[in-house]
Amino acid sequence: MKDNRIYPFSAIVGQETMKLALILNAVNPKIGGVLISGEKGTAKSTAVRALAELLPDIEVVAGCRFFCDPTISGKLCPDCHEKLDTEGRLTTSRMKMKVVDLPINATEDRVIGTLDLEHAIKKGEKRFEPGILAEANRGILYVDEVNLLDDHIVDVLLDSAAMGINTVEREGISYTHPAEFILVGTMNPEEGELRPQLLDRFGLCVNITGVSDPAKRVEIVMSRAHFEEDPVGMAKKWKPKDQELAEKIIQAKAILPQVSISKDLLLKIVNISIALDVNGHRSDLIMMKASKTIAGFYGRKEVQAQDINDSLEIALAHRMRRQPFEEMVIDPGRITELVRQKIGD
Ligand SMILES: [Zn+2]
């Protein structure tokens with residue numbers, strides 16, 4: 001039986017960094033997803049589902065297997081293109097943003113979909129069976145225990161997340177469809193690592209731990225109990241808060257294209273990467289995107305130094321060069337401390 005009760009996002013106690021990372025991806029999917037590292041039972045899955053629940057419905061082409069966006073003709077699937085050409089218009093409908101779960105044992109075919117070669121050869125037309133990347137288009141792709149997946153599958157997911165499309169090629173025949181999604185991976189570092197090359201390709205990373213503050217834990221237990229006893233009442237109680245957050249996300253999305261960052265602050269970003277000896281240029285780019293998105297979330301059109309500080313942990317935790325025997329994801333507090341030592345505030 002499917003349980004449709006969804007815990008309200010605003011009712012989640014603590015885990016502020018995880019919530020921020022998810023919100024920033026909802027505002028700006030170009031940030032490139034988030035990897036949530038931490039022990040089991042830390043509300044990861046709850047938070048992701050709760051976020052999708054509060055986000056506004058999306059407009060889709062009615063009946064499209066890829067949930068195409070009717071407002072962007074450049075991002076239509078081949079079916080919708082054809083329909084638009086022959087009928088001159090597309091009928092639309094609205095739907096909730098989806099959270100698609102990637103099964104741990106998913107094969108490549110199941111992920112990317114399959115092309116019917118026989119049909120293509122016999123009839124001269126392409127017949128495509130959509131996979132998980134199609135299902136996840138314009139939604140959230142939730143990959144639990146991403147570190148236990150085959151590296152090759154993780155590669156495919158990250159490629160698609162970065163490009164926003166999925167291309168399947170077999171024997172010289174290819175099929176491309178839109179596959180834009182927010183990639184949320186989780187991992188328990190005790191169960192195995194993720195190669196640094198893969199780690200670096202997740203836009204943001206959050207290291208979460210269980211809540212140890214007794215008062216907070218009491219709050220969690222009470223909130224959980226309330227939810228179990230009276231999910232409807234719980235939803236009602238938190239609806240105004242959730243709605244307020246949804247409004248903030250919608251507004252942030254709208255002003256994001258106008259958010260600017262000064263040369264001085266860009267220099268600060270670059271200096272941080274250099275001082276912390278972070279590999280490559282991705283950290284600069286992600287810190288810039290994240291701080292712009294944070295500014296937008298607070299309704300500002302200009303990045304402030306504080307926005308950069310707020311982006312440090314989530315943008316750099318998985319990109320720092322590690323010492324031998326050091327944790328894969330660096331303790332966030334250490335990053336802020338290092339920056340303070342080397343750069344100042
Ligand atoms: Zn379509």
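Residues numbered from 1 in each chain as written. Predicted model: local features only at pLDDT ≥ 70, side-chain atom pairs only at ≥ 80, totals over all residues.

1. Regarding the overall build of the protein chain
Moving on, step 1. Secondary structure summary: the protein chain contains 14 helices and 11 strands in total.
Moving on, step 2. Relative to a compact globule of 345 residues, whose C-alpha radius of gyration would be 20 Å, the protein chain shows 21 Å and is just as compact.
Moving on, step 3. Overall, the C-alpha framework of the protein chain stretches about 65 × 50 × 40 Å when taken along its three principal axes.
Moving on, step 4. Within the protein chain, the fraction of its 345 residues that count as buried is 40%.
Moving on, step 5. For the protein chain, restricting intrachain contacts to residue pairs at least 6 apart in sequence, the fraction spanning at least 24 positions comes to 75%. (Helix = DSSP H or I, 4+ residues; strand = E, 2+ residues; numbered from the N terminus. Rg over C-alpha atoms; globule rule 2.2 N^0.38 Å. Buried ≥ 20, exposed ≤ 12 C-beta atoms within 10 Å, placed from the backbone. Contact = placed C-beta atoms within 7 Å.)

2. Comments concerning the environment of Gly192
Moving on, step 1. Mapped onto the elements of the fold, Gly192 is located in the loop between β10 (182–187) and α8 (196–199).
Moving on, step 2. You can call Gly192 exposed: it has 11 C-beta atoms within 10 Å.
Moving on, step 3. In this structure, the C-alpha to C-alpha distance between Gly192 and Ser73, residues 119 residues apart in sequence, is 42 Å.
Moving on, step 4. Not counting residues within four places of it along the chain, the set of residues in contact with Gly192 comprises Asn147 and Leu148.

3. Here's the deal with the environment of Phe202
Moving on, step 1. Relative to the helices and strands, Phe202 resides in the loop between α8 and β11 (204–208).
Moving on, step 2. A residue is classified by how many C-beta atoms lie within 10 Å of it, and Phe202, with 26 of them, is buried.
Moving on, step 3. Sequence-wise, Phe202 and Leu35 are 167 residues apart; in three dimensions their C-alpha atoms are separated by 6.2 Å.
Moving on, step 4. Excluding residues that lie within four positions of it along the chain, Phe202 makes contacts with Gly32, Gly33, Val34, Leu35, Gly185 and His318.

4. Some details on the packing of helix α1 (residues 16–27) against helix α12 (residues 282–297)
Moving on, step 1. As a packed pair, α1 and α12 sit with axes 10 Å apart at the nearest point and diverge in direction by 90 degrees. Of the possible angle classes, the one that applies to α1 and α12 is roughly perpendicular. Counted together, Ile23, Leu24 and Val27 of α1 and Ala290, Thr293, Ile294, Gly296 and Phe297 of α12 form the full contact between these two elements.
Moving on, step 2. A breakdown of the residues in the contact of α1 with α12 according to their chemical character gives six nonpolar, two polar and no charged. (Axes fitted to C-alpha atoms, helices over the stretch in contact; angles between N-to-C directions. Parallel < 35°, antiparallel > 145°, perpendicular 65-115°, else oblique. Nonpolar A, V, L, I, M, F, W, Y, C, P; charged D, E, K, R; others polar.)

5. Quick look at α12
Moving on, step 1. Helix length check: α12 (16 residues) gives 22 Å between terminal C-alpha atoms against 22 Å at 1.5 Å per residue, within 8%.
Moving on, step 2. Burial analysis of α12 places 12 of its 16 residues in the buried class, which makes it a mostly covered element.
Moving on, step 3. All buried positions along α12 are accounted for by Ser283, Ile286, Met287, Lys289, Ala290, Ser291, Lys292, Thr293, Ile294, Ala295, Gly296 and Phe297.
Moving on, step 4. Residues of α12 that are buried sit in contact with α1, β11, α10 (231–255), α11 (263–275) and α13 (305–316).
Moving on, step 5. Where α12 terminates, the next one or two residues include Gly299, which has phi positive at roughly 75 degrees. (Expected span 1.5 Å × (residues − 1).)

6. With respect to the domain arrangement of the protein chain
Moving on, step 1. Per the domain assignment, the segments making up the protein chain are domain 1 (9–57 + 96–208) and domain 2 (257–343).
Moving on, step 2. Distance between the C-alpha centres of domain 1 and domain 2: 24 Å.
Moving on, step 3. Counting residues at the interface gives 21 residues for domain 1, matched by 20 residues for domain 2.
Moving on, step 4. Counting residues per element, the ones that place at least two in the side of domain 1 that touches domain 2 are α1, β1 (34–38) and β11.
Moving on, step 5. Residues that form the side of domain 1 that touches domain 2 fall into these classes: 13 nonpolar, five polar and three charged. (Domains from an automatic or database assignment.)

7. Remarks on unusual backbone geometry
Moving on, step 1. Positive phi, close to 50 degrees, is recorded for Glu145, a residue that is not glycine.
Moving on, step 2. Within the fold, Glu145 resides in the loop between β7 (140–143) and α7 (151–163).
Moving on, step 3. On the basis of neighbour counts, which here come to 15 C-beta atoms within 10 Å, the residue Glu145 falls in the partly exposed class.
Moving on, step 4. We note that Asp277 has phi near 55 degrees; this positive angle belongs to a residue other than glycine.
Moving on, step 5. On the neighbour-count criterion, Asp277 (9 C-beta atoms within 10 Å) is exposed.

8. Describing the nonpolar core
Moving on, step 1. Ranked by internal contacts, the top residues of the largest apolar core, which has 94 residues, are Val34 and Leu204.
Moving on, step 2. Counting residues per element, this core draws most heavily on α1, which supplies eight residues.
Moving on, step 3. Counting the residues that make up this core, at least three belong to each of domain 1 (9–57 + 96–208) and domain 2 (257–343).
Moving on, step 4. Other than its neighbours up to four places away in sequence, Val34 contacts Ala21, Leu22, Asn25, Val184, Phe202, Gly203, Leu204, Cys205 and Val206. (Core = buried A, V, L, I, M, F, W, Y, C linked by C-beta atoms within 7 Å.)

9. Structural notes on α10
In an α-helix, one turn spans 3.6 residues; hence positions three or four apart end up facing the same way.
Moving on, step 1. End to end, α10 covers 35 Å across 25 residues, agreeing with the expected 36 Å (1.5 Å per residue, within 8%).
Moving on, step 2. Its axis deflected by about 50 degrees at Lys239, α10 carries its strongest bend there, up to four residues before the proline Pro240.
Moving on, step 3. Looking at the packing, one finds that the buried side of α10 touches α1, α2 (44–54), α9 (214–229) and α12. (Bend = angle between axes of the 7 residues up to and from the residue.)

10. So, the environment of Leu256
Moving on, step 1. Positionally, Leu256 belongs in the loop between α10 and α11.
Moving on, step 2. Taking the C-alpha atoms as reference points, Leu256 and Glu302, separated by 46 residues in sequence, lie 9.9 Å from one another.
Moving on, step 3. Residues within four places of Leu256 in sequence aside, it is in contact with Val27, Asn28, Lys292, Thr293 and Gly296.

11. Quick word on the packing of α11 against α12
Moving on, step 1. Closest axis-to-axis distance for the α11/α12 pair is 9 Å, and the angle between their directions is 140 degrees. Considered as vectors, α11 and α12 are oriented oblique to each other. In this structure, α11 meets α12 at a crossing whose hand is right-handed. Contacts between α11 and α12 involve Leu266, Ile269, Val270 and Ser273 from the former and Ser283, Asp284, Met287 and Met288 from the latter.
Moving on, step 2. Its residues placed into classes, the contact of α11 with α12 shows five nonpolar, two polar and one charged. (Left-handed = near helix turned anticlockwise from the far one by under 90°.)

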